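Read off the chains here:
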Amino acid sequence: MTIAFNKLEVRIRLTAIRANYRLLCGRGSRIIGVIKADAYGHGLTEVASALAKEGCDTFAVGTVAEGAALRQHLTAKGLNSRIIVLLGPIDPDDYPPLWEYSLIPFIGSFRQLEALARQAARVGKGLEMSLKFDTGMARLGFCMEDLPRLLDRLREAPLVRPVMASSHLATADQPESVDYLMGQAECFTSILSALTEAGYAVEANLANSAGILGHPSVHHQSQRAGIALYGANPFAGTAWDHLGRGLAPAMTVRTRIVSVHSLPKGGCISYGCTFTADRDMRVAIVAVGYADAYSRCLTGKSAQMLIAGRRAPVVGRVCMQLTACDVTDIPDARPGEWATLLGGDGPLAISPEELASWWDTISYEVFCLLGMNRRVYI
Ligand SMILES: *Cc1c(COP(=O)(O)O)cnc(C)c1O
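Residues numbered from 1 in each chain as written. Predicted model: local features only at pLDDT ≥ 70, side-chain atom pairs only at ≥ 80, totals over all residues. Heavy atoms only, no water.

**Q** Let's hear about the site of the ligand: which residues, and what values?
**A** In the region of the ligand, the neighbouring residues are V34, K36, Y40, L86, H168, N208, S209, R224, A225, G226, I227 and Y364. Contact distances for the ligand include 2.6 Å between an oxygen atom and a side-chain N or O atom of K36. One of the side-chain N or O atoms of S209 is found 2.5 Å from an oxygen atom in the ligand. Summarising the interface, the protein chains cover 92% of the accessible area of the ligand, which totals 390 Å² for the free molecule. Within the shell around the ligand, the residues separate by chemical class into six nonpolar, four polar and two charged. (Near = heavy atom within 4 Å. Polar contact = N/O pair within 3.5 Å; in protein donor to acceptor, adjacent residues only side chain to side chain. Areas by Shrake-Rupley, 256 points an atom, 1.4 Å probe, with all protein chains shown as cover. Nonpolar A, V, L, I, M, F, W, Y, C, P; charged D, E, K, R; others polar.)

This is the structure:
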């Protein structure tokens, strides 16, 4: 997973993730730690261990293989936490490990359900699963109309046991889309009633981070928290910004300044000469580029780095392993010193949302991509 040869240092503060988890526990009732995609770039096993110390006993990963890796880690630590596999089994090889590693898959199609039932018969052993419903995301899951057939199939395959029912919200982080969320919530409630009536006592979960912070009415028995654990505010920049106050970003990314030189007025810099100095300038050449997941799309977008405690604008095109910054007003910028791309100390720290806005993306993608660099835990 790690991009091996560069000078980047991704610093992860596990104490921040633990504090964010505690904050979320104060808002929800039972928080499932969503640690898919290498814990959004923060490290699968490291984050799981940190959350377990706070009492988190259920984790959600993406793929079956990720779940197997997590199970091995947890078992070695003497923990038998529940592991939910959000993507469910995708190919035939994904079925046997569900039993071997005691994973609870999301099952959202008859194809998956039949394959699971066949495997259960083969193994002669039951398996717990979470029934995944599509209530408006239109991505994965059984629909309301599938319920009669689903209940029939469940009765015929008693070895596969639904212990959980889940659905995912499409607009929880958009205060202006509450109506859509309420539609999803109503649909989910009807599905749960049908399951209860049919005798299935399931643990229901619908809320993601934004649902936990902004919509107590959709909390049900448990809640799946991702982005807020890592300290990004799902409501950043919206009218509900205050609901994410107190979350602390856990990731800081920094690298070294390679050289500092002057650029006379009228001089241009980097590929394509897209930036021309409008005054005599000093520029720092920083050891990061798009090969390190610092996107070339950050070119020309008023992106900044934090150098010697000051903001330094990115100038010219972001290259493969180098990026130039304007340090005319930062006399302390010197070769060998740090340049911070994300996070940092004090009020000038670069927030995940700020970097994401320069990048034309969201904090989720910033974490997942930059987190592929070498991490250190502080
Ligand atoms: C990723 C994911 C989550 C977590 O969402 P956040 O917005 O990061 O809190 C919850 N549920 C499912 C199904 C997911 O895929």
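Still to come is the rest of the account.
**Q** Give me the lowdown on the pairing of strand 6 (residues 127–133), citing residues and values where you can.
**A** With respect to burial, strand 6 is a largely interior element, six of its seven residues being buried. Note that strand 5 (residues 104–107) and strand 6 share two bridges and pair parallel. The partner of I107 across the bridge, within strand 6, is L131. Regarding the hand of the β-α-β motif, the stretch spanning strand 5, helix 6 (residues 110–123) and strand 6 is right-handed. Considered for its hand, the β-α-β crossover made up of strand 6, helix 7 (residues 147–156) and strand 7 (residues 160–167) is right-handed. (Buried < 20%, exposed > 50% of the residue type's maximum accessible area, 1.4 Å probe, protein only. Helix = DSSP H or I, 4+ residues; strand = E, 2+ residues; numbered from the N terminus. Pairing = 2+ DSSP bridges. Right-handed = clockwise from strand over helix to strand, strands pointing away.)

**Q** Explain helix 1 (residues 14–27) to me, and be specific about the residues and the numbers.
**A** Over its 14 residues, helix 1 runs 20 Å from end to end, which matches the ideal 20 Å to within 8%, given 1.5 Å per residue. By the burial criterion, the buried members of helix 1 are L14, A16, I17, N20, Y21 and L24. Along the axis of helix 1, the buried positions cluster into a sector of 150°, meaning they face one direction only. In this structure, helix 1 carries T15 and G26 as exposed residues pointing more than 90 degrees from its buried face. Of the surrounding secondary structure, the elements contacted by the buried residues of helix 1 are strand 1 (9–12), strand 2 (31–34), helix 3 (44–53), helix 9 (209–214), strand 9 (223–225) and strand 18 (375–377). (Expected span 1.5 Å × (residues − 1). Arc of directions from axis to C-beta. Contact = heavy atoms within 4.5 Å.)

**Q** Summarise the pattern of salt bridges; cite the residues concerned and give the values.
**A** Between side chains of opposite charge, pairing is possible as soon as their charged atoms come close. Tallied over the full model, the rule gives 17 salt bridges. Between E128 and R161 there is a salt bridge, with its nearest N and O atoms 3.9 Å apart. Of this pair, E128 sits in strand 6 while R161 is found in strand 7, placing the two residues 33 residues apart along the sequence. For the salt bridge of E354 with R311, the shortest nitrogen-to-oxygen distance reads 3.0 Å. Linking E354 in helix 10 (residues 352–359) with R311 in strand 15 (residues 310–315), this pair joins segments that are 43 residues apart in sequence. (Salt bridge = Lys/Arg side-chain N within 4 Å of Asp/Glu carboxyl O.)

**Q** Now, about the sheet that holds strand 8 (residues 203–205): what can you tell me, with residues and values included?
**A** Read across the sheet, eight strands follow the order 8-7-6-5-4-3-2-9 without closing on themselves; strand pairing throughout is parallel. Two strands in the sheet have a free side with no partner beyond their single neighbour: strand 8 and strand 9. For this sheet the average axis-to-axis angle between neighbouring strands, irrespective of direction, equals 30°. Here strand 4 (residues 82–85) pairs with strand 5 via two bridges, running parallel. In the strand pairing of strand 5, V85 is matched with P105. In the packing of helix 4 (residues 64–76) onto the sheet, the strands contacted are strand 3 (58–61) and strand 4, and the crossing angle to strand 4 comes to about 170°. With respect to the sheet, helix 8 (residues 178–197) is in contact with strand 6, strand 7 and strand 8, its orientation differing from that of strand 7 by roughly 160°. (Axes fitted to C-alpha atoms, helices over the stretch in contact; angles between N-to-C directions.)

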